[in-house]
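# Coordinate inspection notes
Residue-level listing of the chains:
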Amino acid sequence: MKGPFWRDSGHPPAIPRRDWLRLVGLGGAAAGLSAWPGGEALPADVGEPGGFQSSILAKNKVQENRANPTVVDGRVIQPQRELPVLHRTDVLVVGGGPAGICAAIAAKRAGADVTLVERYGHFGGLWTGGLVLLVLGHVVQGGKQVCQGIGEEILRRLDKLDGAIINRRPGANPTVDAEAVKYVMVEMIDEAAVKVFLHCWCADAILSGNKVQGVVIESKSGRLAILAKVVVDATGDGDVFAAAGAEFEHRSHNIGLVSRIGNLDRVDPEKAKQAPKPRLLGSPTPIPGVHWVNMLGPEEDGLDVNVLTRLEMQHRKFIWRHMQKVRATPGYEKVYLMETAPQLGVRITRVLRGLSTVRLEDLKAGTRFPDVIGVGGSTSGNHGPWQIPYGALVPVKIDNLLAAGRCISAEIRMADLVRLIPNCFVTGHAAGVAAAVAVQDGCTPRQVDVAKVQRILRQQDAYLGEPG
C-alpha cells in the first residue's frame, strides 16, 4: 500500500473481514475460515453482508455524565448528578417475564403508549431463561381452565409451531420449548408495537413525594432515566416498589438451577437392566430425547448476592458431576448435559404489602371480590378457583405503581400458587389494563374505575369468574 490506509483528517473506514485478512497476509490461507467444512460459504448475518466489519466510532473518548463516588472517612459517597432521560412513556413495564409481557401487550391494546424494560436479552423470565418449562396452575377441580386472555393466546400460538409445546389438552399441564416461547413473545411484542429496552436493570425509582414518575436503569449505556405516568413492577423481586419505598415482606425460598439433558431416547434398554435407573432424569420436553430437570435447591435469601453467587457455582458443579454418574450407568453412556439455565431459579424474595392480600382462607371459602381482576388455578386440579382482588396489585402508600407476577400482595401460604406462570399471566394482564385506564382517565391506579378495568379485561378475553 502507498501511504496511510486513511487520512489523518477523518476516522478510519470500516474494514471488511476479507480485506483485513488480505492486509495481514492471510487472504489465501484463511479462506477456509469463512466456510463450512463442506466448502459452502457461511450465511451472512444481519448487518454483515460482506463478513465481519468494525469501525472506530470515537477516538480518545472519555465517558460522559460521570459522577464518580469518592471515599470520605472510609465511607463511599455518591455525588448528585443529572441523569439523561432516555425515554418518556405512558406505561412503563419493568420485567419481561410472563407477567410483564402480558402487562405490556394488555396496556398497548387498551390504548396506552407502552415501554418494556428487561434485564436479560430475551423475554420469558424463569419460563425461558430459567428453563422452568412446565405450565401448571391454569386449571381447577373438574379440569376447567381459568387462565385465559393473553396468557392463553401465547399458548395457542405455541400450538401452531412445530416442536413448541406438548401435552396441550384439557386439564393437562403442558410443557414448552424455551426458544419457541422466546420467539412467540418477541413476535407478539413487535405486533403490539411496544417500545423495548433489553439488557438493562432497574437501579432506582424516580419519585415526587409518594408518586412514582419513572425508573432509573443501568446498562452498558450508563445510568439513564425513563419517565412514565404509571409503572408496572413485573420484576418478580419487587425491585421497583422496594426502591420507591413501598412496604413489602422479605422472604426466603428454595433456590435451584434447572438443566436440560439429551439422548434419553438413545438409552440401551438391554444394558440398562444391569443397574438401577439413575435419579434426576427429569421430564420430557417437545424435543425428542430431551428432558428438563428441575432442582429444588436449599432455602435461601434470593436478594443476597453472596448467596446467589455461591448457589450458581455449587449447583453447576452438582449438575455436571451428577451427569457423569448417569453416563457411567450401563445403557446411559450416550446421555449428555445439554445446558444449565442461564438464570438461577429464585422463586420468592419480596412480596408487596397491598391494599388487599391473596389469602388461603379465601381460596378455601371461595370468596368473591367486587374488585376481582383474575382467577387463579391449582397445580393439578386438586382444588377450586380463587379470585384475585385488584387491591393485591396496589401498594398501600405509593402511587402511580402496580405490581404484577409473583411479587403481588399474597400471604406466604399462597406464594407457591401466585408465582406459577399462568397466574403471573393473569396478574400481568390485569396490571397492564389498569395502568392504561389510569393514564387515560388521568388518575392514580388506586383511584382507577375497577369496573372499567374489568370490562376491558373481558373484552381482551380474560376470565374473571362465573357471574354471581
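Here is a short report on the structure shown in this document. (Residues numbered from 1 in each chain as written. Predicted model: local features only at pLDDT ≥ 70, side-chain atom pairs only at ≥ 80, totals over all residues. Heavy atoms only, no water.)

### Brief notes about the packing of helix H2 (residues 98-109) against helix H3 (residues 149-159)
To be explicit about the condition: Lines fitted to the C-alpha atoms define the axes, with helices restricted to the stretch that makes contact. Angles between their N-to-C directions range from 0 to 180 degrees. Labels follow the DSSP assignment, with helices taken as runs of H or I lasting at least four residues and strands as runs of E lasting at least two, numbered in each case from the N terminus. Note on terminology: angles under 35 degrees are roughly parallel, angles over 145 are roughly antiparallel, angles of 65 to 115 are roughly perpendicular, and the others are oblique. The crossing is said to be left-handed when, going from far helix to near helix, the turn is anticlockwise and less than a right angle, and right-handed when the turn is clockwise. Here a residue-residue contact requires only that any non-hydrogen atoms of the pair lie within 4.5 Å. Asp, Glu, Lys and Arg are counted as charged, while Ala, Val, Leu, Ile, Met, Phe, Trp, Tyr, Cys and Pro are counted as nonpolar; the rest, among them Gly, fall into the polar class.
Look at H2 against H3: their axes get within 9 Å of each other, and the N-to-C directions meet at 110 degrees. Our classification of the angle between H2 and H3 gives roughly perpendicular. Regarding H2 and H3, the two cross each other, and that crossing is right-handed. Only Ile150, Gly151, Glu153 and Ile154 of H3 make contact with H2, whose side of the interface consists of Ile101, Cys102, Ile105, Ala106 and Arg109. Its residues assigned to classes, the contact of H2 with H3 shows 6 nonpolar, 1 polar and 2 charged.

### Brief notes about the packing of aromatic side chains
Two aromatic rings are characterised by how far apart their centres lie and by the angle between their planes. Keep this limit in mind: A pair of aromatic rings is counted whenever rings of Phe, Tyr or Trp (Trp by its six-membered ring) have centres within 6.5 Å, and the orientation is called stacked for planes under 30 degrees apart, edge-to-face for over 60 and tilted otherwise. Burial here depends on accessible area, computed with a 1.4 Å probe over protein chains only, as a share of the maximum for the residue type. Under 20% is buried, over 50% is exposed, and the range in between is partly exposed. Criterion for a charge above a ring: Lys NZ or Arg CZ within 6 Å of the ring centre, and within 35 degrees of the ring normal.
With the rule as written, the count across this model stands at 2 aromatic pairs. Centroid distance Trp127 to Phe425: 5.5 Å. Interplanar angle 70 degrees. Geometry classified as edge-to-face. Of the two residues, Trp127 is situated in the loop between strand S4 (114-117) and H3 and Phe425 in helix H10 (residues 421-441); the sequence distance between them amounts to 298 residues. Comparing Trp127 with Phe425 shows no difference in burial state: the two are buried. The interplanar angle of 45 degrees and the centroid separation of 6.2 Å between the aromatic rings of Phe241 and Phe248 together place this pair among those described as tilted. Judged by its relative accessible area of 1%, Phe241 is buried. A cation sits over an aromatic face here: Arg350 above Phe248, 5.6 Å from the ring centre.

### Considerations on the nonpolar core
What counts is decided by this rule: Think of a nonpolar core as a cluster: buried Ala, Val, Leu, Ile, Met, Phe, Trp, Tyr and Cys residues, connected wherever their side-chain atoms sit within 4.5 Å.
Formed by 113 residues in total, the largest nonpolar core has its most connected members in Trp127, Ile154 and Leu158. Of the residues forming this core, the biggest block, 13 residues, is contributed by H10. By size, the runner-up hydrophobic cluster in this structure holds 9 residues, among which are Ile261, Leu264, Ala272 and Met323.

### Considering the side chain of Asp237
Secondary-structure assignment places Asp237 in the loop between strand S10 (222-233) and helix H5 (239-244). In this structure Asp237 touches Leu303, Val346, Thr349, Arg350 and Arg406, once residues within four positions along its chain are discounted.

### With respect to the side chain of His315
What counts, and what does not: Counted as a polar contact is a pair of N or O atoms within 3.5 Å, where, for protein atoms, one must be capable of donating a hydrogen and the other of accepting one, and residues adjacent in sequence contribute only when both atoms are in side chains.
Following the sequence through the fold, His315 ends up in helix H7 (residues 305-327). A relative accessible area of 6% places His315 in the buried class. A polar side-chain atom of His315 sits 2.9 Å from the main-chain carbonyl oxygen of Ile255. When residues no more than four places from it in sequence are discounted, the contact partners of His315 are Ile255, Gly256, Leu257, Met295, Gly297, Pro298 and Leu344.

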